Amino acid sequence: MIVNSESSLPCPPFVDVEGVINMRSVGGYATSTGGVVKPKVIYRSGDISSITERGRGQFSALGVHVVFDFRADSEIKDYDSATPAMQGVKIIRAPAGIQNAFDPASIAIRLKKWQIDELQAFLNTYEEILDTATEAFRTVFIHLRDHPDQPCLIHCTAGKDRTGMFVTLLLMVLGVEDRYIIDEYALTTVGLAPSMPHLLHKLQKMPVFRENWEGLLNMGSSKPETMVATLRLIRAKYDGAEGYLKTQLNLDDEDIEKIRGNYLV
């Protein structure tokens, strides 16, 4: 891997866009059938609201014209993180998953769970996202089916859990081997590392996080074993990603084959 001298993140898959955290291309991964996921067409990241003028230029150079924002309206309001308008870029709001998860009381309850049993807390959260983010996930999959010529970015706040669940489903459907899906998920630890000191300093000022510090640190992880268990969950509950797309998103075999044809080379 080449290391980007400005961000110190491996490039690829990470992409340097000033003001955007954890941004990387979801491509280049081998499938079990001998194919490869197209690179530089689908991107994932954390919140893009702090993008700088230089970052806008870097973003434009990627050719991304559609951005899917998985964050909740209350989340954007509470963190004062509305996505800025960018010329030639369509922002699609697609709130994904857990409702009322960002008020202090709900955050405290969740952090306690992460402190007690980190892996089970992740599995509960990921199952809840998969069960409640169906409308948002369907919106993106329909775009991937119908507009393969339009590179897109998918993001939430950290680019870890909601974004991570969507990317996991996509890679599974495309036939990417488990070991690569696990590695891709774990890359978030690398992607968040440069911003983590600043983020933790900011969160330490907020009582709900300061009083549940161990749970917060656990919640911020993206360990390989978490994805191993998540893949097992998806296969057991939904009969795999293909089953999920059919039963939860109302997509059919033709839709799935078209998505594969669009993003595999």
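Residues numbered from 1 in each chain as written. Predicted model: local features only at pLDDT ≥ 70, side-chain atom pairs only at ≥ 80, totals over all residues. Heavy atoms only, no water.

J.: Where do I start with the layout of surface pockets in this structure?
T.: Rolling a probe over the atoms, with the probe sized like a water molecule, indicates the empty space that remains. There is about 1200 Å³ of room inside the largest pocket. Lining the largest pocket are 44 residues; nearest its centre among them are Glu 75, Thr 157, Ala 158, Leu 199 and Leu 203. Mapped by element, the contributors of at least two residues to the lining of the largest pocket are helix H3 (104–116), helix H4 (118–132), helix H8 (196–204) and helix H10 (213–219). At six residues, the largest contribution of residues to the lining of the largest pocket is made by H8. Its residues assigned to classes, the lining of the largest pocket shows 23 nonpolar, 12 polar and nine charged. (1 Å grid on protein atoms, 1.4 Å probe; cavity = no way out; pocket = protein on both sides within 12 Å on 5 of 7 lines; lining within 4 Å. Points joined across faces, edges and corners; volume = space filled by probe spheres on them. Helix = DSSP H or I, 4+ residues; strand = E, 2+ residues; numbered from the N terminus. Nonpolar A, V, L, I, M, F, W, Y, C, P; charged D, E, K, R; others polar.)

J.: What exactly am I supposed to notice about the sheet that holds strand E4 (residues 42–45) here?
T.: By definition, the strands of a sheet pair up through backbone hydrogen bonds, in either a parallel or an antiparallel sense. Strand order in the open sheet formed by five strands is E3-E4-E7-E5-E6, with mixed pairing between adjacent strands. The sheet terminates laterally at strand E3 (24–25) and strand E6 (90–93), the two strands that pair on one side only. Inspection of the sheet shows E4 paired to strand E7 (residues 152–155) by four bridges, in the parallel sense. The partner of Ser 45 across the bridge, within E7, is His 155. (Pairing = 2+ DSSP bridges.)

J.: Before we go on, may I ask you to explain the nonpolar core in this structure?
T.: Residues Ile 42, Phe 70, Phe 137, Phe 141, Leu 144 and Phe 166 are the most contacted members of the largest nonpolar core, which totals 53 residues. Here the element with the most residues in this core is helix H6 (residues 162–173); it accounts for eight residues. In contact with Phe 70, other than residues within four places in its own chain, are Ala 94, Pro 95, Ala 96, Ala 136, Phe 137, Val 140, Ile 154, His 155, Cys 156, Arg 162, Thr 163 and Phe 166. Grouped together as the second largest cluster of nonpolar side chains are 13 residues, Val 20, Met 23, Phe 59 and Val 64 included. (Core = buried A, V, L, I, M, F, W, Y, C linked by side-chain atoms within 4.5 Å. Buried < 20%, exposed > 50% of the residue type's maximum accessible area, 1.4 Å probe, protein only. Contact = heavy atoms within 4.5 Å.)

J.: Explain the pairing of strand E5 (residues 66–69) here, please?
T.: The side chains of a regular strand alternate between the sheet's two faces. Of the two faces of E5, both are covered, the one formed by Val 66 and Phe 68 as well as the one formed by Val 67 and Asp 69. One ladder, built from four bridges, connects E5 with E6; its direction is parallel. Residue pairing for E6: Asp 69 is matched across the bridge by Arg 93. As for the winding sense of the linkage, the β-α-β connection from E5 through helix H2 (residues 73–78) to E6 is right-handed. Here E5 pairs with E7 via four bridges, running parallel. If you follow Asp 69 over to E7, its bridge partner there is His 155. (Right-handed = clockwise from strand over helix to strand, strands pointing away.)

J.: Explanation requested: the packing of aromatic side chains in the structure shown.
T.: Aromatic rings in a pair are described by how distant their centres are and how their planes are angled relative to each other. Enumeration according to the criterion identifies nine aromatic pairs in this entry. Arranged with centres 6.3 Å apart and planes meeting at 90 degrees, the rings of Tyr 126 and Tyr 185 form a pair that is edge-to-face. With Tyr 126 in helix H4 and Tyr 185 in helix H7 (residues 178–192), this residue pair connects regions lying 59 residues apart in the sequence. The pair Tyr 126 / Tyr 185 is uniform in exposure class, with both members buried. Ring geometry for Phe 141 and Phe 166: centres 4.6 Å apart, planes at 45 degrees, overall tilted. On the criterion of sequence distance, the pair formed by Phe 141 in helix H5 (residues 134–146) and Phe 166 in helix H6 is long-range, its members being 25 residues apart. Phe 166 gets classed as buried once you look at its relative accessible area, which sits at 0%. The structure contains a cluster of three or more aromatic residues connected by ring pairs, namely Phe 70, Phe 137, Phe 141 and Phe 166. (Phe/Tyr/Trp six-rings, centres within 6.5 Å; stacked < 30°, edge-to-face > 60°.)

J.: It is not clear to me how the side chain of Asn 262 should be interpreted in this structure. Could you clarify?
T.: Residue position: Asn 262 is located in helix H13 (residues 253–263). Of the residues examined, Asn 262 reaches a relative accessible area of 13% and is grouped as buried. A polar contact of 2.9 Å, which involves the side chain of Asn 262, links it to the backbone oxygen of Leu 144. Sequence-distant contacts of Asn 262, defined by excluding residues within four places in its chain, comprise Lys 38, Leu 144, Arg 145 and Pro 148. (Polar contact = N/O pair within 3.5 Å; in protein donor to acceptor, adjacent residues only side chain to side chain.)

J.: Help me understand helix H11 (residues 224–238) in this model?
T.: Every α-helix winds through 3.6 residues per turn, so residues three or four apart in the chain are directed the same way. Compared with the 21 Å implied by 1.5 Å per residue over 15 residues, the 21 Å span of H11 between its first and last C-alpha is a close match. When H11 is considered as a whole, its buried residues turn out to be Thr 226, Met 227, Ala 229, Thr 230, Leu 231, Leu 233, Ile 234 and Tyr 238. On the buried face of H11, the contacting elements are H4, H6, H7 and helix H12 (240–247). Once H11 finishes, Asp 239 follows within two positions and takes phi at roughly 60 degrees, a positive value. (Expected span 1.5 Å × (residues − 1).)

J.: Just to check I follow, could you spell out the state of the cysteines for this structure?
T.: All chains considered together, the criterion is met by zero disulfides. In this model Cys 152 remains outside any disulfide bridge; the closest cysteine sulfur is found in Cys 156, 14 Å from its own. Judged by its relative accessible area of 0%, Cys 152 falls in the buried class. (Disulfide = S-S within 2.5 Å.)

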